[in-house]
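# What the coordinates show
Below are the chains, spelled out letter by letter.
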Amino acid sequence: MHDTHTREWYPEAMSDHTFSTPLIVANWKSHKTWDEVSEWLRAYQAAQPTTAGTVAVAPAFPFLEYVADEIEDADLDLQLAVQDLSPFPPGAYTGAVST
């Protein structure tokens with residue numbers, strides 16, 4: 001079953017072609033604290049990983065501005081992704097942020 005809204009907005013994502021560039025996303029969901037975010041970014045910077053694809057991090061909403069600033073300030077080869085808001089408590093809710 002295909003989502004007609006996705007097909008309308010992203011027809012290339014629904015095509016039958018194969019993607020040749022990997023996309024790696026660190027999706028934090030609702031699990032990281034401020035200290036853990038800082039630690040992860042320091043570790044990523046220290047490791048300076050390389051890949052043939054794109055690496056992105058999807059922090060919870062409260063950390064977006066901080067992570068964006070850290071990526072820019074450290075000139076990290078890292079993209080920023082976003083999630084939505086959820087009324088549920090912290091947990092593994094795909095794309096959600098607890099309130």
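This text follows the structure it describes.
## Things to note about the nonpolar core
- Ranked by size, the top nonpolar core spans twelve residues in total: Trp 28, Val 37, Leu 41, Tyr 44, Val 55, Val 57, Ala 60, Phe 63, Val 67, Ile 71, Leu 76 and Leu 78.
- Contributions of two or more residues to this core are made by α2 (34-47), β2 (54-58) and α3 (64-73).
- No other element matches α2, which puts three residues into this core.

## Let's talk about the sheet that holds strand β3 (residues 79-80)
- Here we have three strands laid out as an open sheet, ordered β1-β2-β3, and parallel in their pairing. At either end of the open sheet lies a strand with only one pairing partner, and these are β1 (23-27) and β3.
- Here two bridges tie β2 to β3, and the two strands are oriented parallel to one another. By the bridge assignment for β3, Ala 56 is matched with Gln 79.

## Quick look at the environment of Tyr 66
- Summarising the element assignment, Tyr 66 is placed in helix α3.
- Using a relative accessible area of 26% as the deciding quantity, one classes Tyr 66 as partly exposed.
- In this structure, the C-alpha to C-alpha distance between Tyr 66 and Val 37, residues 29 residues apart in sequence, is 9.2 Å.
- Other than its neighbours up to four places away in sequence, Tyr 66 contacts Trp 34, Val 37, Ser 38 and Leu 41.

## Some details on the environment of Trp 40
- Inspection of the secondary structure puts Trp 40 in helix α2.
- Setting aside anything within four residues of it in sequence, one finds Trp 40 in contact with Ala 26, Trp 28, Lys 32, Val 57 and Leu 78.

## Side note on α2
- Spanning 14 residues, α2 covers 20 Å between terminal C-alpha atoms, matching the ideal 20 Å at 1.5 Å per step.
- Restricting attention to buried positions, one finds in α2 the residues Val 37, Ser 38, Leu 41 and Tyr 44. Along the axis of α2, the buried positions cluster into a sector of 130°, meaning they face one direction only. Exposed positions of α2 whose direction lies more than 90 degrees from the buried face are Asp 35, Glu 39, Arg 42, Ala 46 and Ala 47.
- Once α2 finishes, Gln 48 follows within two positions and takes phi at roughly 45°, a positive value.

## A short note on the packing of α2 against α3
- At a closest axis distance of 11 Å, the pairing of α2 and α3 adopts a crossing angle of 20°. Taken together, the axis directions place α2 and α3 in an arrangement best described as roughly parallel. Between α2 and α3 lies a crossing whose hand is right-handed. The segment α2 lies against α3, with Trp 34, Val 37, Ser 38 and Leu 41 engaging Tyr 66, Val 67 and Glu 70.
- Split by residue class, the contact of α2 with α3 holds five nonpolar, one polar and one charged.

Basis of the calculations
Residues numbered from 1 in each chain as written. Predicted model: local features only at pLDDT ≥ 70, side-chain atom pairs only at ≥ 80, totals over all residues. Heavy atoms only, no water. Core = buried A, V, L, I, M, F, W, Y, C linked by side-chain atoms within 4.5 Å. Buried < 20%, exposed > 50% of the residue type's maximum accessible area, 1.4 Å probe, protein only. Helix = DSSP H or I, 4+ residues; strand = E, 2+ residues; numbered from the N terminus. Pairing = 2+ DSSP bridges. Contact = heavy atoms within 4.5 Å. Expected span 1.5 Å × (residues − 1). Arc of directions from axis to C-beta. Axes fitted to C-alpha atoms, helices over the stretch in contact; angles between N-to-C directions. Parallel < 35°, antiparallel > 145°, perpendicular 65-115°, else oblique. Left-handed = near helix turned anticlockwise from the far one by under 90°. Nonpolar A, V, L, I, M, F, W, Y, C, P; charged D, E, K, R; others polar.

By themselves these figures say nothing about function.
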